[in-house]
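Residue-level listing of the chains:
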Amino acid sequence: MNKSVVAAMCGLSAALSVVLMFLGGLFYVFSYTVPMLLGLIIITVRKTFGNRAAFAVYFSVSVLSMILVSEKESVLMYFLFYGYYPIIKPYIEKIKPRAVSFLVKLLLFNLSVLVIELLCVYVFQIPFFDDGVFSAAMLIFFAAAMNLSFLMYEFLLKYSLILYEKRIEKRIKKLFK
């Protein structure tokens, strides 16, 4: 595929991602959903143009978002997990047995969320809870909700990739030949 086409598509993907990240700051719930959506963009770039192009989009979106987007928790979610995870996911899935592969994914996700929340609280001074009251029950609920969202994200990535491969990929590659 022509390098200029790959560069143009990566630039458009990065621009769309930064705009979506910027718009994600409008509502608090988008802090978690927009980075997931951007992971879908990364997975299509990886599948169509390769890992190198996907990493280029990931790094450019991470840097531009850190500069332009005010919602730092969303940027950190993208930078520290949802941006690179779709790129490395196939390599993690090669680990046998599947249970170990799944545990590696969960461990990576939970460590990423821990680092994100610590950076938010101690570096960016974003309180973990709005009312300032910290309880173990709320922490357990947060961890359970985040792990549930990760499981749904895994499901979403799997079936989005299948849909992309069966319905869209051939058309896109034919369009850019």
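Just above sits the structure.
I will try to describe carefully the structure that is included in this document. Everything quoted here is computed from the prediction, not taken from an experiment. (Residues numbered from 1 in each chain as written. Predicted model: local features only at pLDDT ≥ 70, side-chain atom pairs only at ≥ 80, totals over all residues. Heavy atoms only, no water.)

**Details of a nonpolar patch on the surface**
On the surface, V63, L64, M66, I67, L68, L107, L111, L114, L118, Y122, V123 and F124 cluster together into a nonpolar patch covering about 1,200 Å² of accessible area. With respect to the helices and strands, L68 occurs in helix α3 (residues 51-68). (Patch = residues over 30% accessible without salt bridge, like charges linked within 9 Å, V, L, I, M, F, W, Y side chains within 5 Å. Areas by Shrake-Rupley, 256 points an atom, 1.4 Å probe, with all protein chains shown as cover. Salt bridge = Lys/Arg side-chain N within 4 Å of Asp/Glu carboxyl O. Helix = DSSP H or I, 4+ residues; strand = E, 2+ residues; numbered from the N terminus.)

**Section: the packing of aromatic side chains**
For the structure on display, the rule yields 17 aromatic pairs. In this structure an aromatic cluster arises from ring pairing among F55, Y58, F59, Y78, F79, F81, Y82, Y84, Y85, F109, F150 and Y153. (Phe/Tyr/Trp six-rings, centres within 6.5 Å; stacked < 30°, edge-to-face > 60°.)

**Some details on the side chain of E73**
Within the secondary structure layout, E73 lies in helix α4 (residues 72-82). Here E73 is buried and forms no salt bridge, its nearest opposite-charge partner K72 lying at an N-O distance of 12 Å. (Buried < 20%, exposed > 50% of the residue type's maximum accessible area, 1.4 Å probe, protein only. Lys, Arg positive; Asp, Glu negative; His and termini not counted.)

**Regarding the side chain of S101**
In this fold, S101 is placed in helix α6 (residues 98-122). Residue contacts for S101: discarding those within four places in its chain leaves I92, E93 and I95. (Contact = heavy atoms within 4.5 Å.)

**Structural notes on the environment of Y164**
Structurally, the position occupied by Y164 is in helix α7 (residues 136-175). Its relative accessible area of 6% is what places Y164 among the buried residues. Counting along the chain gives 116 residues from Y164 to T48, while the straight-line C-alpha distance between them is 9.8 Å. Look past the residues within four positions of Y164 in its chain and what remains in contact with it is T44, K47, T48, E169 and I172.

**Structural notes on the pattern of salt bridges**
Under the counting rule described, the total for this entry stands at five salt bridges. Close ionic contact of E165 with K47 constitutes a salt bridge, the shortest N to O distance being 3.3 Å. Of this pair, E165 sits in helix α7 while K47 is found in helix α2 (residues 30-49), placing the two residues 118 residues apart along the sequence. For E165, a relative accessible area of 31% translates into the label partly exposed. The exposure class assigned to K47 is partly exposed, which follows from its relative accessible area of 28%. The salt bridge involving E93 is made with K105; its shortest N-O contact spans 2.9 Å.

**Focus on the packing of α2 against α3**
Between α2 and α3, the least distance of the axes is 7 Å, while the angle of their chain directions is 150°. By the criterion of interaxial angle, the relationship of α2 to α3 is roughly antiparallel. In the crossing of α2 with α3, the sense of the turn from one axis to the other is right-handed. Facing α2, whose interface residues are I42, V45, R46 and F49, α3 presents N51, A53, A54, V57 and Y58. (Axes fitted to C-alpha atoms, helices over the stretch in contact; angles between N-to-C directions. Parallel < 35°, antiparallel > 145°, perpendicular 65-115°, else oblique. Left-handed = near helix turned anticlockwise from the far one by under 90°.)

No statement about biological role is implied by the geometric values presented.
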